[in-house]
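What the coordinates show
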Amino acid sequence: MSNYNRRDFAKLVVLGGIGYTVFSCTDASKKSKSTPTETEKEKEAIPTMPELLPENIKLYQKADAEYQELTVRFNKRFQQSPTYIAQCFTTQGVVDAVKFANFKDLKVVVKSGGHSFEGFSSTNDGLVVDVSAMKKMEWKPDHSLIVETGCILKELYNEMLPKQRILPSGSCATVGIAGLTLGGGYGFFSRKYGLTCDSLQSITLVDGKGNIHHESGTSAILKACKGGGNGNFGIVTKMKFRTYQAPNFFQAYRCKAYKLTTERAKELLQTWFRYTKNLPNTAFAAFVLNGKTLTVLITNYSSDNKGVLDMYNALKAISDKATIGSKRPLARALQTFYGVQHPIYFKNACAGLYKDFTQIEGCIDDVISKVISSRGLIYQVNTLGGNINSAAAEKRSVFPHRSYPYLSELQSYWDKPSQEASRLAAFKEVQDRFYKHGIRAHYRNYPDINFKDFETSYYGKYLPELKQIKKQLDPDNRIQHPQSITV
Ligand SMILES: Cc1cc2nc3c(=O)[nH]c(=O)nc-3n(C[C@H](O)[C@H](O)[C@H](O)COP(=O)(O)OP(=O)(O)OC[C@H]3O[C@@H](n4cnc5c(N)ncnc54)[C@H](O)[C@@H]3O)c2cc1C
């Protein structure tokens, strides 16, 4: 907002808006010879310019200094230029942003933590509703926590851990709680406490017309936001979460293997799958094949560690190096998994959810040999299962993958844009191998623009339910991104 102060700018837009409204109404009434009642109805349907108060919303365009900062996303591969960015500070600000978009006939894209793998929280030709400045948190006496949706994971951990509370969610510091929860959300604590969305008790949501909804209990809208809410039919501004007593310690076990051949990597993977079956629900395991180097991570936070030790010992016997970390206080331990906190070039995508190893046995040799022979390609399998696979949680959410105990992902990171083409080509080759082999179930939070049947891959049997909610909340498809739900 280079040349105006906030209030001047708000006035300017409001005045411009009134002009537009008067013109539209006059024009419409001149054209039609309808009865007064019909004209009234018509007027009602014509979007009007909302009053944009700076305590609720600031609107930016390309010439504004703040605009550049607000277009930055975690994935540097996407550098989009929206027509407007609405930086919102309150739910009313989000309402005004949506009404402004309706008035200007712009599509709306939602941004919280900005970590979408495929740049789904920005656009080149619409309005971004950016809630990342909305960071209030409020504890309730029953230890539930209301958070505004601009909060990122490390802010939540910083608030919860000193109070000995946790929420089962992801590990990377700068991921937004909103995007993570609305697509499901999993991490170290999920096998015991469920997905992040399973702890979601209520929400405040602004729909495609700018109406506010407060949803809790058995609400169909709340259910749709547990696994199907990412930028599809509303902008969530507040979330209330149940929290849990934090464990006293956290421990990590690691096995490493180097210069792997396909045969050896496959043996390690089979062993990994076999032993994950007996892990306690307090444990999490990941198999991370980065080129020819393997890291297996097993974590646990309870003294029931028989299954963990069995797995560690079996893998240690066929690895090159193995270490057991000390029992560390949770806050300090979690910080070691915070990851990179500044924007980077990368391509990540789901590589399928599996029931067990047999599901990928027919293509895994090919996959491993491609990963081993390609620079910078990472294939990772993570454990889900445990209490994620709960019938009660299933009934209250639209996350369709609960019966899959394994979630895999492909990753590639690079430093210079010139490296992108070759990285993406190798990435696609591995994806094609999985696709040909019939791997189709994918996690919504690990999206890929190239997934052919993305709607069923992400939402499975819940797709009709989600389309119904879209029809109810956003029939004009105001809120959208390249893979959003359509009516
Ligand atoms: C480094 C990294 C680590 C990750 N680790 C994990 C992990 O451990 N566990 C896990 O489950 N996932 C993980 N993810 C995936 C992560 O859950 C998704 O990328 C998630 O969508 C990011 O949310 P965000 O708010 O940061 O992103 P954004 O880019 O802001 O949004 C992502 C999507 O959600 C929509 N959205 C955002 N805010 C709202 C809102 N308020 N209302 C409605 N729709 C909204 C956007 O439109 C977009 O489609 C990780 C991703 C990265 C990049």
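Residues numbered from 1 in each chain as written. Predicted model: local features only at pLDDT ≥ 70, side-chain atom pairs only at ≥ 80, totals over all residues. Heavy atoms only, no water.

Considering the nonpolar core
By size, the foremost hydrophobic cluster in this structure holds 113 residues, and its most contacted members are Leu269, Trp272, Tyr354, Ile360, Tyr379 and Phe434. Split by domain, this core shows at least three residues from each of two domains, domain 2 (137-246 + 461-473) and domain 3 (251-459). With 24 residues, the next largest nonpolar core counts Met49, Val94, Leu106 and Leu127 among its residues. (Core = buried A, V, L, I, M, F, W, Y, C linked by side-chain atoms within 4.5 Å. Buried < 20%, exposed > 50% of the residue type's maximum accessible area, 1.4 Å probe, protein only. Domains from an automatic or database assignment.)

With respect to unusual backbone geometry
Its identity as a non-glycine residue notwithstanding, Gln164 has a phi of 60°, on the positive side. Assignment of secondary structure puts Gln164 in the loop between helix H5 (153-160) and strand S7 (165-166). Residue Gln164 is classed as partly exposed on the basis of its relative accessible area of 40%. Its identity as a non-glycine residue notwithstanding, Lys259 has a phi of 45°, on the positive side. (Helix = DSSP H or I, 4+ residues; strand = E, 2+ residues; numbered from the N terminus.)

As for helix H12 (residues 361-373)
The terminal C-alpha atoms of H12, which comprises 13 residues, lie 19 Å apart, in line with the 18 Å expected from a rise of 1.5 Å per residue. Burial in H12 covers these residues: Cys363, Ile364, Val367, Ile368, Lys370, Val371 and Ile372. Buried residues belonging to H12 abut helix H9 (262-276), strand S13 (284-290), strand S17 (377-383) and helix H14 (420-436). (Expected span 1.5 Å × (residues − 1). Contact = heavy atoms within 4.5 Å.)

Some details on the packing of aromatic side chains
Under the counting rule described, the total for this entry stands at 27 aromatic pairs. Where Phe188 meets Phe337, the ring centres are 4.9 Å apart and the plane angle is 65°; that geometry is what we call edge-to-face. With Phe188 in the loop between helix H6 (177-183) and helix H7 (190-193) and Phe337 in the loop between helix H11 (330-335) and strand S16 (345-354), this pair connects stretches of sequence that are 149 residues apart. Among the aromatic side chains, those forming a connected cluster through ring pairs are Phe74, Phe117, Tyr186, Phe346, Phe399, Tyr413, Tyr443 and Tyr446. Directly above the aromatic system of Tyr435 lies the positively charged group of Arg440, at a separation of 3.7 Å from the ring centroid. (Phe/Tyr/Trp six-rings, centres within 6.5 Å; stacked < 30°, edge-to-face > 60°. Lys NZ or Arg CZ within 6 Å of the ring centre and 35° of its normal.)

Examining the sheet that holds strand S3 (residues 108-111)
Strands sit in the order S1-S2-S4-S3 across an open sheet of 4 strands; the sheet is mixed. In this open sheet, the two strands that pair with only one neighbour each are strand S1 (57-60) and S3. Each strand of the sheet is rotated relative to its neighbour by a mean of 20°, with strand direction disregarded. Where S1 and strand S2 (residues 84-88) come together, 4 bridges link them in antiparallel fashion. Paired with Leu59 across the bridge in S2 is Ala86. Its contacts with the sheet put helix H4 (residues 91-104) on S1, S2, S3 and strand S4 (127-130), and the angle it makes with S2 is roughly 160°. (Pairing = 2+ DSSP bridges. Axes fitted to C-alpha atoms, helices over the stretch in contact; angles between N-to-C directions.)

A look at the domain arrangement of the protein
Per the domain assignment, the segments making up the protein are domain 1 (6-130), domain 2 (137-246 + 461-473) and domain 3 (251-459). Contacts between the two partners involve 10 residues from domain 1 and, on the opposite side, 19 residues from domain 3. Overall, the association of domain 1 and domain 3 removes approximately 1,300 Å² of surface from exposure, summing both partners, and the carbon and sulfur fraction of that is 68%. Where domain 1 touches domain 3, the interface holds 1 salt bridge. With a closest N to O distance of 2.8 Å, Glu118 and Lys347 form a salt bridge. Remark: the boundary between domain 1 and domain 3 carries 6 residue pairs in polar contact (both at pLDDT 80 or more). (Buried area = accessible area lost by both parts, 1.4 Å probe. Salt bridge = Lys/Arg side-chain N within 4 Å of Asp/Glu carboxyl O. Polar contact = N/O pair within 3.5 Å; in protein donor to acceptor, adjacent residues only side chain to side chain.)

Re the site of the ligand
Neighbouring the ligand are 34 residues, the closest being Ser112, Gly114, Ser121, Gly176 and Tyr443. In this structure, His115 approaches the ligand through a main-chain N or O atom, which is 3.0 Å from an oxygen atom. In this structure, an oxygen atom belonging to the ligand sits 2.6 Å away from a side-chain N or O atom of Tyr443. Relative to its free-state accessible area of 950 Å², the ligand is covered by the protein chains to the extent of 95%. Looking at the shell around the ligand, the elements that each hand over two or more residues are S3, H6 and strand S10 (234-241). The element contributing the most residues to the shell around the ligand is H6, with 4 residues. For the shell around the ligand, the residue count by class is 14 nonpolar, 18 polar and 2 charged. (Near = heavy atom within 4 Å. Areas by Shrake-Rupley, 256 points an atom, 1.4 Å probe, with all protein chains shown as cover. Nonpolar A, V, L, I, M, F, W, Y, C, P; charged D, E, K, R; others polar.)

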